[in-house]
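# Coordinate inspection notes
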Amino acid sequence: MANGEPDLAGPSGGSDAYRYESPPDCTRRRFWKLAIGGTAAVSAGAVGYPVVAFLRLPKSLGPVELMEVPLEALEEGAGVWGEHRGRQIVVIKLGDELRAFDGVCAHLGCIVRWDSASRMFKCPCHDAKYDDLGNPVSGPINAPLRRVEFVVEEGVLKIRDSFGQR
Amino acid sequence: MTDSESKQPPKRPLRLLPLVKVHLPPLVVPRSLGWAGCFGGLALVQFTIQIYTGILLLIYYKADPMRAWDSVTFIKSNVPMGWLIQRVHTVSAKMMIALVLMHMARVAYYRIYRHPREWHWISGVILLSLTTFMGFTGYLLPWTNLSYWAASVGTEIPTAVPVVGDGIATWLRRGPNVSGETLGFFFAMHVAVIPALIAGVMGMHFIMIRRTGISKPL
Ligand code: HEM
Ligand code: FES
């Protein structure tokens with residue numbers, strides 16, 4: 001810069017007072033290394049995590065949690081919920097009869113609720129309604145709730161359904 | 001080369017790194033290669049995604065009409081991250097077909113299919129067919145209502161061919177109608193036969209491109 005103008009960025013010339021020097025640990029190269037490396041690491045994690053997670057043992061194949069309900073816990077008209085092989089199961093008592101259902105709505109798989117007042121299963125998601133046999137009454141469904149097998153032994157109701165696994 | 005060299009080739013250890021290195025930068029591509037030039041490569045990325053998600057799905061998938069649907073539901077709702085892997089496989093299938101078509105549209109628009117690249121185009125058309133066959137055979141696997149009818153309609157198409165058409169349809173369906181036998185057949189095609197063919201044709205496709213180089217505008 002012959003006419004004495006300060007050269008702010010140039011590597012040569014200009015007065016030392018104006019010259020910008022990157023600190024040694026903050027260079028353009030280092031920035032790109034971190035940015036590209038970081039993006040690569042995040043991408044690798046986003047691809048790798050689901051793959052590793054997929055290979056884990058699904059809960060329902062692990063040590064089986066079988067649902068058991070003592071008969072005295074069942075009240076007339078009320079529903080008792082529990083987990084069996086990773087599924088949400090509801091047991092209802094109507095008079096002398098006991099019925100167990102898989103709580104998964106036949107529409108898009110939300111968990112229904114048992115409404116003891118109206119004696120209906122109601123789905124909070126899209127308002128499907130099922131009667132106390134699990135048959136569809138109204139809403140976006142044309143299939144029943146899945147009945148679940150159980151046995152009663154020594155005053156305890158034991159869910160026995162394997163859902164087709166093992 | 002001197003005489004002694006040609007008689008006694010120097011013993012060198014097999015070095016794999018140079019084989020990889022020739023495919024890494026600085027690999028010269030024409031400056032004119034715009035963003036549309038990435039579709040073929042992206043289709044390859046989709047294919048690798050299909051392979052690893054497909055292998056993961058195979059862990060739980062059961063090619064049996066009584067259990068196929070349950071096994072896919074099991075993947076989606078019980079296997080950790082299964083909902084994601086299953087959906088990625090389904091969505092990537094569509095994306096792969098779209099990307100192959102976009103790749104072909106670029107090649108057609110710039111008329112890259114002309115000599116000396118006619119075999120690039122021919123192998124590309126084969127790859128497109130194989131990819132749609134992957135989509136078609138895969139679609140039956142979850143054994144839903146839609147899958148069943150899609151396979152029924154799809155296997156109906158060859159009946160338009162005179163004389164042999166009905167025979168081809170029956171052969172594809174493994175019987176007069178789509179059944180559990182069809183499922184087994186499509187499954188074998190989907191996970192073994194067609195992927196192997198795609199990998200082979202893709203390899204040839206890439207070798208051809210290496211031979212001619214990437215095309216430059218005239
Ligand atoms: C070009 C590559 C591929 C395409 C276009 C493709 C396409 C598809 C499609 C459309 C489905 C049905 C998914 C659904 O509708 O829910 C499917 C399912 C499946 N594919 Fe592939 N696929 C490819 C590669 C592979 C490979 C390489 C394997 C295994 C080695 C594989 C294994 C499976 C399995 C086990 C299923 C059944 C599970 C399910 O339906 O989600 N796929 N595939
Ligand atoms: S999921 Fe139950 S009504 Fe839609």
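The shown structure was predicted, so the numbers you read here are calculated from the model rather than taken from an experiment. (Residues numbered from 1 in each chain as written. Chains lettered and ligands numbered in written order. Predicted model: local features only at pLDDT ≥ 70, side-chain atom pairs only at ≥ 80, totals over all residues. Heavy atoms only, no water.)

## A look at the interface of chain A and chain B
- Listed as interface residues are 13 residues of chain A and, on the opposing side, 14 residues of chain B.
- Overall, the association of chain A and chain B removes approximately 1200 Å² of surface from exposure, summing both partners, and the carbon and sulfur fraction of that is 73%.
- Considering only the side of chain A, the residues that lose the most area to chain B are A:Pro50, A:Phe54 and A:Pro58, jointly responsible for 48% of the buried surface there.
- Across the chain A-chain B interface, the total number found is zero salt bridges.
- At the junction of chain A and chain B, the tally comes to zero residue pairs in polar contact (both at pLDDT 80 or more). (Contact = heavy atoms within 4.5 Å. Buried area = accessible area lost by both parts, 1.4 Å probe. Salt bridge = Lys/Arg side-chain N within 4 Å of Asp/Glu carboxyl O. Polar contact = N/O pair within 3.5 Å; in protein donor to acceptor, adjacent residues only side chain to side chain.)

## Comments concerning the state of the cysteines
Residue and element names in this part refer to chain A.
- Applying the stated rule across the entire model yields one disulfide over all chains.
- The residue that forms a disulfide with Cys110 is Cys125, at a sulfur-sulfur distance of 1.9 Å. Because the torsion about its S-S bond is -90 degrees, the bridge between Cys110 and Cys125 counts as left-handed. Pair noted here: Cys110 is in the loop between strand 4 (97-102) and strand 5 (113-115) and Cys125 is in the loop between strand 6 (120-122) and strand 7 (129-130), with a separation of 15 residues, a long-range link. (Disulfide = S-S within 2.5 Å. Helix = DSSP H or I, 4+ residues; strand = E, 2+ residues; numbered from the N terminus.)

## Things to note about helix 4 (residues 68-77) of chain B
- For helix 4 of chain B, every residue scored as buried is listed here: B:Ala68, B:Ser71, B:Val72, B:Phe74 and B:Ile75. Projected onto a plane normal to the axis of helix 4 of chain B, the buried residues spread over an arc of 155 degrees and lie on a single side.
- The inward-facing, buried residues of helix 4 of chain B abut helix 1 (28-54) of chain A together with helix 3 (39-60), helix 5 (82-109) and helix 9 (180-212) of chain B. (Buried < 20%, exposed > 50% of the residue type's maximum accessible area, 1.4 Å probe, protein only. Arc of directions from axis to C-beta.)

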